[in-house]
Amino acid sequence: MEKIHTDHPSPVKELPDTLEAKIIDAVLEERCASEEGMRRYRPLLEERAHRIVARLIVGPGEGDGPDNDSLNQIHALFNLADTIVKDELDSDRYPRPACPDDGGCSACCTHMRIVLSAQEAAVIARELLKLTEPEKAEIAHRLPSLGKSGPGSRCGLLGEQGLCTLYAARPINCRTHRSCSITACEDRIRLGRNAGEEVVFTYPFDDLIRKSFHHALRPSGTPHFLEMNTFLASVLHDDEELAAWASGQIPVEDGTQHPGVT
Ligand code: SF4
Ligand code: SF4
C-alpha cells in the first residue's frame, strides 16, 4: 500500500506559449469541429482564450502568501474560476444564462454524469467530514437507489429540496455548467434519456476554464477522474477512507487504481 498526495496546485509563474496553445487548441478542436461551431465559438475563443487561460493558471499563487495547504489552494482555484465566469458573463459578449441564481433549476444535476478529479474529491471529503451524522446518513441512504450519476440518475449530493448539499465545494464541472435556454436543456434531457446523451453546454469559456483548472491542479499530468456517486458511496461507508481522502492522502493499492477512480 502506498500513499499518494494530492498534487499541489503550485502556480506556474510564467505560462509557456506551448502550454497556452495546447489548451486553446484542445478547446477550439472540441468547440469548433462543426461549421456552426466555427461560426459561433471561434471568434469569441480567439479573442478571449489567451487571457482566460493565463489568468487561471498564473493567478492562484499571486497574493496567496505562505499557505501550503493544497486543499485550500483548490478553493482558491474555485474562487478564481467563479470570478472569471462572472467577469465573462458581465462582459456582455454572450447571451445571458437562463440558469436561475436561486437554484430554481437543478435539472442538470439530475441527468449529467458528474465526474471530478481526485483533488476535488479530497475537497468534497473534507466537507463531508463537517456534516452531521444524520446529514451524512441521508446522502448514504439515497446512493444505492441512484447508481452512477448520468442520464436518468441524479448526483448523490442533490438534496430533496433541489439544492446542492456541498455547493461551495462543488466540482469545476458543475461550476462551469450553464445554459442560455432552459427549454434547450429540457429538450436535451428528454432526448438524452432516450439516446443516452447528456446535456450540452453553450458557453465557450467554460471549456477553457475547465481545462486550465485541471492543468493548474496537476501541471505534470492528466488528473485521475472519479464518478461522483461511486466516490460518495466508497467514503460514506468507510470512515477511515473518508478521513484519508479528507487529509489529502488517497490510499491506492500498488499498481491499481482506487475503486472510485475511473
Ligand atoms: S444548465 Fe440548464 S438544466 Fe442546468 S441549471 Fe441551467 S438551465 Fe437548468
Ligand atoms: S455536486 Fe452539487 S452542483 Fe454538482 S451535480 Fe451534484 S448536486 Fe449538482
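Taking an unreviewed UniProt entry as the reference, the protein chain is identified by name as YkgJ family cysteine cluster protein belonging to Dyella mobilis.

Caption draft 1: Looking closely at the site of ligand 2. All residues adjacent to ligand 2 are Cys109, Ile114, Cys155, Leu157, Leu158, Cys164, Arg170 and Cys174. When its residues are assigned to classes, the shell around ligand 2 shows seven nonpolar, no polar and one charged.

Caption draft 2: Structural view of the site of ligand 1. Contacts to ligand 1 come from Ala98, Cys99, Cys105, Ala107, Cys108, His177, Arg178, Ser179, Ile182 and Cys185. Within the shell around ligand 1, the residues separate by chemical class into seven nonpolar, two polar and one charged.

Caption draft 3: Main features of the confidence of the model for the protein chain. On average, the protein chain scores 80 in pLDDT, and the residues at 70 or more come to 81%. When mean pLDDT is compared element by element in the protein chain, helix α9 (residues 228–236) scores highest at 97, while strand β1 (residues 2–5) scores lowest at 39. Here residues 1–13 is modelled with pLDDT under 50, and outside its nearest four sequence neighbours on either side it reaches 35 contacts, counting other chains as well. A low-confidence stretch, residues 61–68 stays under pLDDT 50, and its non-local contacts, those more than four residues away or across chains, total four contacts.

Caption draft 4: Examining the environment of Leu71 more closely. With respect to the element layout, Leu71 can be found in helix α3 (residues 70–90). Under the C-beta neighbour-count criterion, Leu71 is labelled buried, with 20 such atoms within 10 Å. For the pair formed by Leu71 and Arg126, sequence separation is 55 residues and the distance between their alpha carbons is 8.8 Å. When sequence neighbours within four positions are dropped, the list of residues in contact with Leu71 reads Ala122, Val123, Arg126 and Gly248.

Caption draft 5: Broad picture of the nonpolar core. In terms of nonpolar packing, the biggest core is built from 54 residues, with Leu56, Ala81 and Ala121 touching the most fellow members. For this core, the elements supplying multiple residues, two or more each, are α1 (17–31), α2 (35–58), α3, β2 (115–117), α4 (118–130), α8 (204–217), α9 and α10 (239–246). The element that contributes the greatest number of residues to this core is α3, accounting for eight residues. Among residues more than four places away in sequence, those in contact with Ala121 are Leu116, Leu226, Phe231 and Trp245.

Here is what the cut-offs are and how they apply
- Residues numbered from 1 in each chain as written.
- Chains lettered and ligands numbered in written order.
- Predicted model: local features only at pLDDT ≥ 70, side-chain atom pairs only at ≥ 80, totals over all residues.
- Near = placed C-beta within 6 Å.
- Nonpolar A, V, L, I, M, F, W, Y, C, P; charged D, E, K, R; others polar.
- pLDDT = per-residue confidence, 0-100.
- Helix = DSSP H or I, 4+ residues; strand = E, 2+ residues; numbered from the N terminus.
- Contact = placed C-beta atoms within 7 Å.
- Buried ≥ 20, exposed ≤ 12 C-beta atoms within 10 Å, placed from the backbone.
- Core = buried A, V, L, I, M, F, W, Y, C linked by C-beta atoms within 7 Å.

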